[in-house]
Amino acid sequence: MKTHFRFRPAHFHLLLAGLVLLGFAFNTRSDVGKGKLVYKSGSKAFDMNIKSAYFIAGPDGFDSGKKIRRLIFTTNTLDEKIKSCGAMNCVDQYIEGLQVDLDAAPRLLYWISLNNQLVQYSGTAQNEFLTLTADTQDHLAGTLKFDQSASGGPVVDVTFDAKLVKTFTKAR
């Protein structure tokens, strides 16, 4: 016994609607980040494909009365680890990538942690290297692009769309 299936326009519309909904679900993730982080340390070079971007907020580590916003760019997912942390600095141990503080100084403060934190580098970048297309209390989106390789720093080129994951009350 053979069963014949005829593809009808109604089937096509159902399939198309399902694909649109699936695409919408992926585009509304709160940790979308993509791009590159390239860094050379001595004889070792790191070329990372950024897959996630996270947005957290809380007190500055040097001035607890000052609130800062931090973007985290990484290759791994950190949602549950961030949510389980009681203080902002708790998140640092999980990061394989780049962190950027937006409100801590007149310039962007950043640091990279690579190779299970055996390789670290920190620096500052001009605010103009960060272009925000969304800038609200609970949502940051845009691009971060700079090249500090001539002075021993990283090359960063990322696009991101990150919703606030957590606001911390303690820096440490």
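Residues numbered from 1 in each chain as written. Predicted model: local features only at pLDDT ≥ 70, side-chain atom pairs only at ≥ 80, totals over all residues. Heavy atoms only, no water.

Regarding its fold elements, the protein chain presents two helices and nine strands. For the protein chain, the sequential pattern of α-helices and β-strands runs α-β-β-β-α-β-β-β-β-β-β. Considering the protein chain as a whole, with its 172 residues, one finds that 35% of them fall into the buried category. Considering only contacts in the protein chain between residues 6 or more positions apart, those separated by 24 or more positions represent 50%. When the accessible surface of the protein chain is summed, it comes to about 10200 Å², and 55% of that surface belongs to carbon and sulfur atoms. (Helix = DSSP H or I, 4+ residues; strand = E, 2+ residues; numbered from the N terminus. Buried < 20%, exposed > 50% of the residue type's maximum accessible area, 1.4 Å probe, protein only. Contact = heavy atoms within 4.5 Å. Areas by Shrake-Rupley, 256 points an atom, 1.4 Å probe, with all protein chains shown as cover.)

Within the secondary structure, Arg69 is located in strand S3 (residues 67–74). Sequence separation between Arg69 and Leu140 is 71 residues; the distance between their C-alpha atoms is 9.6 Å. Beyond its immediate chain neighbours, meaning those up to four positions away, Arg69 contacts Phe55, Ile56, Ala57, Val100, Asp101, Leu102, Asp103, Asp135 and Leu140. A polar contact of 2.6 Å, which involves the side chain of Arg69, links it to the side chain of Asp135. (Polar contact = N/O pair within 3.5 Å; in protein donor to acceptor, adjacent residues only side chain to side chain.)

With that out of the way, let us pick up the nonpolar core. One finds Leu37, Phe73, Leu98, Val100, Leu114 and Leu144 to be the most contacted residues of the largest nonpolar core, which totals 26 residues. Where this core is concerned, the elements lending two or more residues are strand S1 (31–41), strand S2 (44–59), S3, strand S4 (97–101), strand S5 (108–114), strand S6 (119–125), strand S8 (139–147) and strand S9 (155–167). For this core, the element with the highest residue contribution is S2, accounting for five residues. With residues near it in sequence (within four places) discarded, Val100 still touches Arg69, Arg70, Leu71, Phe73, Leu108, Leu109, Tyr110 and Leu144. With 13 residues, the next largest nonpolar core counts Ile56, Leu78, Cys85 and Phe168 among its residues. (Core = buried A, V, L, I, M, F, W, Y, C linked by side-chain atoms within 4.5 Å.)

These figures come from the coordinates and say nothing about function on their own.
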